[in-house]
Amino acid sequence: MTKPTPLDTLRQWHPEFTALRQDIHAHPEIGFTETRTAAIVAAKLKEYGIEVHTGIGGTGVVGVLRRGNGQASIGIRADMDALPIHEETGKPYSSIVPGVMHACGHDGHTTILLAAARYLAQHGDFNGTVNFIFQPAEEGLGGALAMLKDGLLERFPCNFVYGLHNSPGMALGKFAIRPGPAMASGAFFDITIRGRGAHGALPEMGIDPVLVACHVNTALQSIVSRNVPPAETAVVSVTVIQGGDAYNVIPDSAVLRGTVRTALRSTMELLEAAMRRIAPGVAAGFGATAEVDFRFIFAPLVNDAQATDDIVAAARAVVGEENVSTTNGFIMASEDFSFVMEKAPGAYINLGNVAPGEAGATGVQVHNPGYDFNDEAIPLGAAMFCELTQRKLPKDFA
Ligand SMILES: [Zn+2]
Ligand SMILES: [Zn+2]
């Protein structure tokens, strides 16, 4: 009799892990408040016989599983946080918390990693150490950085790190990755323009910050077209302009807010420098001032060549050669696991999440109140991580 594959075993556990995913879905928690989720994760890891460390970077949890005497180690990461969105899926296991929902599938990611942890603890055939990293606060709140600051990679050294994200635009049973730069770096900014208020009919008595804000926005749009090398990707979006609240009053101040995305960290640095130069410079031309608050939130996500080969081979072992693409497009959205991948070589792969026949091959996108993670992806994602571990930490490694 041939030994069952990780996928065979994980499929047998499917009802149990579907129930777990739906329970986490019904009880979503915003970044850094994932106490219930973290407690479930810690309890499950302990139940599987895995060494558990809690409270890392706030609500983060790390499970450590060692086999044999191998010195090699890897980290596999899942995110646990939900979003401030009011759920409208109508599912029986919908969020019981008004205004909070798992609209990015992190409930699925957490469940996938728990399923992989159980398999590896009970049936894993490898030599070395696997660190199961359950991260809080991925959604722009700095969970990855918090874990790093708390000594994540010093306390749990990883030669390589891996992660995945569900992709509602891709069919179930498919994986896709982009080697090299794959997801954008992201920053948020606030620019406060200070002029001098006046009667709306007497502009000569004031310095109009609303007019200055318009010119600053226009000038900022020259950064991508005139400063960023055309072969490098970048976006500057001013998404908020606020100033004044009366028809006949020129206000004292106005505020511009928005986001910046780039493919490379160096482009992000160029963009920040340009914004800090242009906004005060334009404002000064009008006799106003501009104060720039620029906050770097996401590092660019860059897939390491070796780590990409590892995760692609593991995915192919689960779903077959033809179902794993290495030509994924560059994604202008961001992912904070990138900060960990700047410290240890890693790879981050997309997992298909669209059920056959659902909404014409593209599902409801993440961050939408109608989005739900597809439970059928749990055994596929988990089996991929099990194959990855057994291949990356082989027993016969000399
Ligand atoms: Zn998200
Ligand atoms: Zn996400």
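Residues numbered from 1 in each chain as written. Chains lettered and ligands numbered in written order. Predicted model: local features only at pLDDT ≥ 70, side-chain atom pairs only at ≥ 80, totals over all residues. Heavy atoms only, no water.

A.B. asks: Now, about the sheet that holds strand β12 (residues 253-262): what can you tell me, with residues and values included?
C.D. replies: Spatially, β10-β12-β8-β13 is the arrangement adopted by the four strands of the open sheet, whose pairing is antiparallel. Each end of this open sheet is capped by a strand with a single partner; those strands are β10 (234-242) and β13 (289-298). Across the sheet, the axes of successive neighbouring strands diverge by a mean angle of 20 degrees, strand direction being ignored. Along the sheet, helix α7 (residues 209-227) contacts β8 (185-194), β10 and β12; its crossing angle with β10, the most-contacted strand, is approximately 170 degrees. Most of the contacts of helix α8 (residues 265-285) go to β13, to which it runs at about 165 degrees, and overall it touches β8, β10, β12 and β13. (Pairing = 2+ DSSP bridges. Helix = DSSP H or I, 4+ residues; strand = E, 2+ residues; numbered from the N terminus. Axes fitted to C-alpha atoms, helices over the stretch in contact; angles between N-to-C directions. Contact = heavy atoms within 4.5 Å.)

A.B. asks: Can you lay out the pairing of strand β2 (residues 60-67) for me, pointing to particular residues and giving the numbers?
C.D. replies: Counting buried residues along β2, six of its eight residues qualify, which places the element largely inside the surrounding structure. Pairing of strand β1 (residues 51-56) with β2, which is carried by five bridges, proceeds in the antiparallel orientation. For Val52, the partnering residue across the bridge sits in β2 and is Gly63. The pairing of β2 with strand β4 (residues 128-135) spans seven bridges and is antiparallel. Within β4, the residue paired with Val62 across the bridge is Ile133. (Buried < 20%, exposed > 50% of the residue type's maximum accessible area, 1.4 Å probe, protein only.)

A.B. asks: Break down the coordination of the zinc ion (ligand 2) for me, citing the residues and quoting the values.
C.D. replies: Listed as protein donors to the zinc ion (ligand 2) are Cys104 (SG), His106 (NE2) and His165 (NE2); their distances from the metal cover 2.1 to 2.3 Å. The sequence pattern formed by the donor residues of the zinc ion (ligand 2) is C-x1-H-x58-H. (Donors = N, O, S within 2.8 Å, 3.2 Å for Na, K, Ca; no water.)

A.B. asks: Could you give an account of the domain arrangement of the protein, naming the residues involved and the relevant values?
C.D. replies: Here the protein is described as being made up of domain 1 (6-184 + 300-392) and domain 2 (188-298). The centre of domain 1, based on its C-alpha atoms, is set 38 Å off from the matching centre of domain 2. Listed per partner, the contact involves 14 residues of domain 1 and 11 residues of domain 2. Summing the contributions of domain 1 and of domain 2, the shared interface buries around 1000 Å²; its carbon and sulfur component is 69%. When the area that domain 1 buries against domain 2 is broken down by residue, the three leading residues are Pro300, Met332 and Phe339, summing to 46%. (Domains from an automatic or database assignment. Buried area = accessible area lost by both parts, 1.4 Å probe.)

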